[in-house]
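Listed below are the residues making up each chain.
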Amino acid sequence: MIGDNNKARMKRSLMICCSLFILSVSVRSQNYDELKVPVYTLPEVLKTSGDKTVADKADWEKIRRPQLLTLFADNVYGQMPKEFDNIKFTVKKDDARAMGGKARLKEVEITVWKADKSVKINLVLFLPNEAKKPAPVFLLINNRDKNNTDPGRTEKNEFWPAEMLVDSGYAIAAFHVSDAAPDDKINYITGALLLYPEQLTRDNGMKAIGAWAWAASRVMDYFEKDKGIDAKKVFVVGHSRGGKAALWAGAQDQRFAMVFSNCSGNTGAALARRKYGETISRINTSFPHWFCNNYKKYNDNESALPVDQHMLLSLIAPRPLYVTNASKDLWADPTGTYLSLKNAEPVYALYKKPSVLTAEPPAINSPVIYSTLGYHNREGEHNLTVYDWGNFVRFANYHLKR
Ligand code: GTR
């Protein structure tokens, strides 16, 4: 006879074996073979839910754009709450002679209240002292270590090459995602979501990526009040998970004049239906706190999704959009990212915005700069580097005619 304790132990071992097996199958089952990409049909970006084809920008703005925003909110990123009671900007530090005198450093605490709750977003901002007029600004949604955006500049990192941006005549800013939603499945509710507890009970409720995008908009609220900033030239930048948030922020909030999404991959710029590299089921399993509950319905069921990521990119139109990959970062599906960008062209065409994207992805390290839709596939690993930033500056210079 097997005792109850032994039975429980055996059951536990069996369960552990099964989960390890499922995990190893799912890891092994990520596809990196172009020949195994399934045949798929992308949902039509210009076909409304009422089956009408959008032929001009008026219908795009009135009908299709709002439809797509709702579809993304309900099925992918969750709702974007817009209301709050109060917002206050407190300049905690103001140093006119930072970076050896070439920049003004401002550290600003942005506090947002709703009912009796509040959240604080800490902004680091360098303004170029040489600027004769309000400066355009790049805002990084920092999903990596806070040291990457060290205001003291003891730590310098190519993830946020602040000196290089200032030397190019731009202001550079950053906030850390943990202020808006800590990046873990337990604590993500302890930031912006404190203001919106009702979101937690909804299947289309905002989670971490939505909260990061929400915070980017609160920083935008601040930029509108800072006389050193040209609020019509605020560019949102994000890498990887931060790149997913940057796209959602730019799609939602049209005050962002340009969007830069670096190696954002699955549920960022890459098409979901290709199931190449990271998939929806994989991302929802590893990061259950990023997207709304409804998104889990599309685990291994991509074709049922009423949107794909080219539609998210289309929501940035007509504003300039720059998307990147890294050649060794197959997890983020470089080909699927490029195709997604290419499939956003019809919406840009409604605005007569020229794109020079070729049918096939450009060669590695051959950036497409002189285009409303910009792109590069940098040689190397998944990262945000000086090469990437250098091209962001070139792309911005081109569009600002600098
Ligand atoms: C990975 C995740 C990606 C991407 C990346 C990152 O683990 O699967 O979707 O977000 O992390 O943020 O660096």
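Quick caveat: nothing in here was measured; it's all calculated off a predicted structure.

Re a positive patch on the surface
Here comes step 1: Judged by side-chain charge, Lys57, Lys352, Lys353 and Lys401 come together as a positively charged surface patch.
Here comes step 2: Of the residues examined, lysine 57 reaches a relative accessible area of 43% and is grouped as partly exposed.

Brief notes about the packing of helix H2 (residues 57-77) against helix H6 (residues 241-252)
Here comes step 1: Close contact between H2 and H6 brings their axes to 11 Å; oriented N to C, the two are set at 145°. The crossing of H2 and H6 is left-handed. Contacts from Arg65, Leu69, Phe72, Ala73 and Tyr77 of H2 reach H6 at Trp248, Ala251 and Gln252.
Here comes step 2: Along the lines of polarity and charge, the residues of the contact of H2 with H6 split into 6 nonpolar, 1 polar and 1 charged.

A short note on the pattern of salt bridges
Should the charged atoms of two oppositely charged side chains come close, the side chains can pair.
Here comes step 1: Under the defined criterion, the tally for this structure stands at 24 salt bridges.
Here comes step 2: A salt bridge links lysine 52 to aspartate 59; the nearest nitrogen and oxygen atoms lie 2.7 Å apart.
Here comes step 3: Judged by its relative accessible area of 41%, lysine 52 falls in the partly exposed class.
Here comes step 4: Classification of aspartate 59 by relative accessible area gives buried; the value is 15%.

Thoughts on the nonpolar core
Here comes step 1: Counting 87 residues, the largest nonpolar core has Trp60, Trp212, Trp214, Phe223, Trp248 and Leu321 as the members making the most contacts within it.
Here comes step 2: The dominant element in this core, judged by the number of residues it contributes, is helix H5 (residues 208-223), at 12 residues.
Here comes step 3: Once residues lying within four places of it in the same chain are set aside, the contact partners of phenylalanine 223 are Leu123, Leu125, Val137, Leu139, Ala173, Ile229, Ala231 and Val234.
Here comes step 4: With 29 residues, the next largest nonpolar core counts Met99, Leu140, Ile369 and Leu384 among its residues.

Notes on the packing of aromatic side chains
Here comes step 1: Overall, the coordinates contain 25 aromatic pairs when judged by the stated rule.
Here comes step 2: Ring geometry for tyrosine 338 and tyrosine 375: centres 5.0 Å apart, planes at 70°, overall edge-to-face. Remark: tyrosine 375 occurs in strand S9 (residues 373-378) and tyrosine 338 occurs in helix H9 (residues 334-342); sequence separation between them is 37 residues.
Here comes step 3: These aromatic residues form a ring-pair network of at least three members: Phe138, Tyr170, Phe235, Phe260, Tyr322, Trp389, Phe392 and Phe395.
Here comes step 4: Sitting over the face of the ring of tryptophan 214, arginine 218 holds its NZ or CZ atom 5.1 Å from the ring centroid.
Here comes step 5: Across the ring face of tyrosine 170, the terminal group of arginine 402 is positioned such that the distance to the ring centre comes to 4.3 Å.

Topic: the pairing of strand S8 (residues 321-326)
Here comes step 1: Buried residues dominate S8, accounting for 6 of its 6 residues.
Here comes step 2: Every second residue of S8 is oriented toward a common face, with Leu321, Val323 and Asn325 on one face and Tyr322, Thr324 and Ala326 on the other, all of them buried.
Here comes step 3: Bridging between S8 and S9 involves 6 bridges; their strand directions are parallel. Looking at S9, one finds that valine 323 is bridged to tyrosine 375.

Basis of the calculations
Residues numbered from 1 in each chain as written. Predicted model: local features only at pLDDT ≥ 70, side-chain atom pairs only at ≥ 80, totals over all residues. Heavy atoms only, no water. Patch = residues over 30% accessible without salt bridge, like charges linked within 9 Å, V, L, I, M, F, W, Y side chains within 5 Å. Areas by Shrake-Rupley, 256 points an atom, 1.4 Å probe, with all protein chains shown as cover. Salt bridge = Lys/Arg side-chain N within 4 Å of Asp/Glu carboxyl O. Lys, Arg positive; Asp, Glu negative; His and termini not counted. Charge placed at Lys NZ, Arg CZ, Asp CG, Glu CD. Buried < 20%, exposed > 50% of the residue type's maximum accessible area, 1.4 Å probe, protein only. Axes fitted to C-alpha atoms, helices over the stretch in contact; angles between N-to-C directions. Helix = DSSP H or I, 4+ residues; strand = E, 2+ residues; numbered from the N terminus. Left-handed = near helix turned anticlockwise from the far one by under 90°. Contact = heavy atoms within 4.5 Å. Nonpolar A, V, L, I, M, F, W, Y, C, P; charged D, E, K, R; others polar. Core = buried A, V, L, I, M, F, W, Y, C linked by side-chain atoms within 4.5 Å. Phe/Tyr/Trp six-rings, centres within 6.5 Å; stacked < 30°, edge-to-face > 60°. Lys NZ or Arg CZ within 6 Å of the ring centre and 35° of its normal. Pairing = 2+ DSSP bridges.

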